[in-house]
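# Remarks on the overall topology
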Amino acid sequence: MSSTRFVAAKIGAVLTIGQLAATAGVTVRTVRHYHQVGLLPEPERDASGYRRYPAQAAVDLIRIRTLADAGVPLSRIDALLHAQPAEFATAISDIDTALQRKIDRLAEYRHRIAELASGESLFLPAEVVALLDRMRGLGISEQRVRLERDAWILVQALDADTIPQRIREKNTEFDDPETTRLYRAVDDSVDWHPHDPRLDRLIDDLDAWEIAHNRGLTRSTELVASRISEVSPAWQRIVDALTHRAEQRACRT
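Residues numbered from 1 in each chain as written. Predicted model: local features only at pLDDT ≥ 70, side-chain atom pairs only at ≥ 80, totals over all residues. Heavy atoms only, no water.

## Topic: the overall build of the protein chain
- When you go through the protein chain residue by residue, the secondary structure sums to 13 helices and zero strands.
- For the protein chain, the α and β elements follow one another from N to C terminus as α-α-α-α-α-α-α-α-α-α-α-α-α.
- When each of the 253 residues of the protein chain is scored for burial, the buried share is 30%.
- When the accessible area of the protein chain is evaluated, it comes to approximately 15,700 Å², of which 54% is carbon and sulfur surface. (Helix = DSSP H or I, 4+ residues; strand = E, 2+ residues; numbered from the N terminus. Buried < 20%, exposed > 50% of the residue type's maximum accessible area, 1.4 Å probe, protein only. Areas by Shrake-Rupley, 256 points an atom, 1.4 Å probe, with all protein chains shown as cover.)

## Re the environment of arginine 245
- When you line up the elements, arginine 245 lands in helix α13 (residues 233-252).
- We classify arginine 245 as partly exposed; its relative accessible area is 26%.
- Between the C-alpha atom of arginine 245 and that of aspartate 207, which follows or precedes it by 38 residues, the distance is 7.8 Å.
- Apart from residues lying up to four places away in sequence, arginine 245 is in contact with Ile203, Asp204 and Asp207. (Contact = heavy atoms within 4.5 Å.)

## Some remarks on the packing of aromatic side chains
- Scanning all chains against the criterion turns up one aromatic pair.
- Taking NZ or CZ as reference, arginine 63 lies 4.8 Å from the ring centre of phenylalanine 88, over its face. (Phe/Tyr/Trp six-rings, centres within 6.5 Å; stacked < 30°, edge-to-face > 60°. Lys NZ or Arg CZ within 6 Å of the ring centre and 35° of its normal.)

## Regarding the pattern of salt bridges
- Counting across every chain of the model gives 17 salt bridges.
- The partner of glutamate 148 in a salt bridge is arginine 144, with the nearest N and O atoms 3.7 Å apart. With glutamate 148 and arginine 144 both in helix α8 (residues 142-159), this residue pair falls four residues apart, about one helical turn.
- The exposure class assigned to glutamate 148 is buried, which follows from its relative accessible area of 4%.
- Residues arginine 198 and aspartate 196 are paired through a salt bridge, measuring 2.7 Å at the closest nitrogen-oxygen approach.
- According to the relative accessible area criterion, aspartate 196 is buried, its value standing at 13%.
- Residues joined in a network through salt bridges with shared partners are Asp204, Asp207, Arg245 and Arg249. (Salt bridge = Lys/Arg side-chain N within 4 Å of Asp/Glu carboxyl O.)

## Quick notes on helix α11 (residues 198-213)
- Taking 1.5 Å per residue, 16 residues should reach 22 Å; α11 reaches 23 Å between its end C-alpha atoms and fits that length.
- Those residues of α11 not exposed but buried are Leu199, Leu202, Ile203, Leu206, Asp207 and Trp209. Looking straight down α11, one finds that the buried residues subtend no more than 160° of arc, so they occupy a single side. Among the exposed residues of α11, those oriented more than 90 degrees off its buried face are Arg201 and Ala212. (Expected span 1.5 Å × (residues − 1). Arc of directions from axis to C-beta.)

## Here's the deal with the packing of helix α7 (residues 126-137) against α8
- Taken N-terminus to C-terminus, the directions of α7 and α8 make an angle of 160°; their axes are 10 Å apart at the nearest point. With respect to α8, the element α7 is oriented roughly antiparallel. Where α7 crosses over α8, the handedness of that crossing is right-handed. Contacts from Val128, Leu131, Leu132, Met135 and Arg136 of α7 reach α8 at Glu142, Val145, Glu148, Arg149 and Trp152. (Axes fitted to C-alpha atoms, helices over the stretch in contact; angles between N-to-C directions. Parallel < 35°, antiparallel > 145°, perpendicular 65-115°, else oblique. Left-handed = near helix turned anticlockwise from the far one by under 90°.)

## A closer look at the nonpolar core
- By size, the foremost hydrophobic cluster in this structure holds 22 residues, and its most contacted members are Leu20, Val31, Leu40, Tyr53, Leu61, Ile64 and Ile77.
- At the level of elements, α2 (17-24), α3 (28-36), α4 (55-69), α5 (74-81) and α6 (85-116) are the ones that each hand at least two residues to this core.
- With five residues, α4 is the largest single contributor of residues to this core.
- Formed by 16 residues, the second largest nonpolar core is a distinct cluster that contains Val186, Val190, Trp235 and Ala241. (Core = buried A, V, L, I, M, F, W, Y, C linked by side-chain atoms within 4.5 Å.)

## Details of the confidence of the model for the protein chain
- Confidence along the protein chain averages 82 in pLDDT terms, with 85% of residues attaining 70 or more.
- For the protein chain, the element scoring lowest by mean pLDDT is helix α1 (residues 3-11), at 44; α3 scores highest, at 93.
- Here residues 1-12 is modelled with pLDDT under 50, and outside its nearest four sequence neighbours on either side it reaches seven contacts, counting other chains as well.
- Taken together, the stretch residues 217-224 has pLDDT below 50 and engages in 15 contacts with residues farther than four places along the chain or on a different chain. (pLDDT = per-residue confidence, 0-100.)

In structure tokens form, the structure reads like this:
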């Protein structure tokens, strides 16, 4: 016998609680809970000690389960089960509208979750993301790219109006092979001892670059310099040395 014919046969007869639950696709425990909260009448036991349910109980249980699955509070379901057809239809329309709003919210959440996988594009302008990708393409380490990303986050928070100009300057710098060489050299120094003599020459090269490019410290670059110092003792020495030299030059002017 097919499942459809089985269900039809059972609905046409009196059902035990287990058969009723199976017909509606719920557990016996759920049926008993609906009894306790007054949603589904509990029949008296027959001579054999079993509770027997009529076909209408299966129909009512399916309606209860459907409304509950849709998020309708059990307290409201009881009123709906006893509503007139027109009132019931209006209530169902309202429930459907609420479900559509919930679906729309969930769709928006899914969109926002998907954006999380897009990395920098979630919180940085497209031109900044393109610059970070360019750095990766130039062979600059991911660690250094992340520090650069942090710098742009700070710039966006503290001085967002300067982003277009800074982007142009950065792209111009990366057109210069010397700038790319220095970025890679700093990458290489991350694990050096802070008193490694190679740092002296690197500091001189970086200082010369800063003079040539007329770089000064802004609030955002100061914060980023602090973050860089935390990553590597060698980098901390570089930042300290360059800051000291810049301050000395400022005092002489």
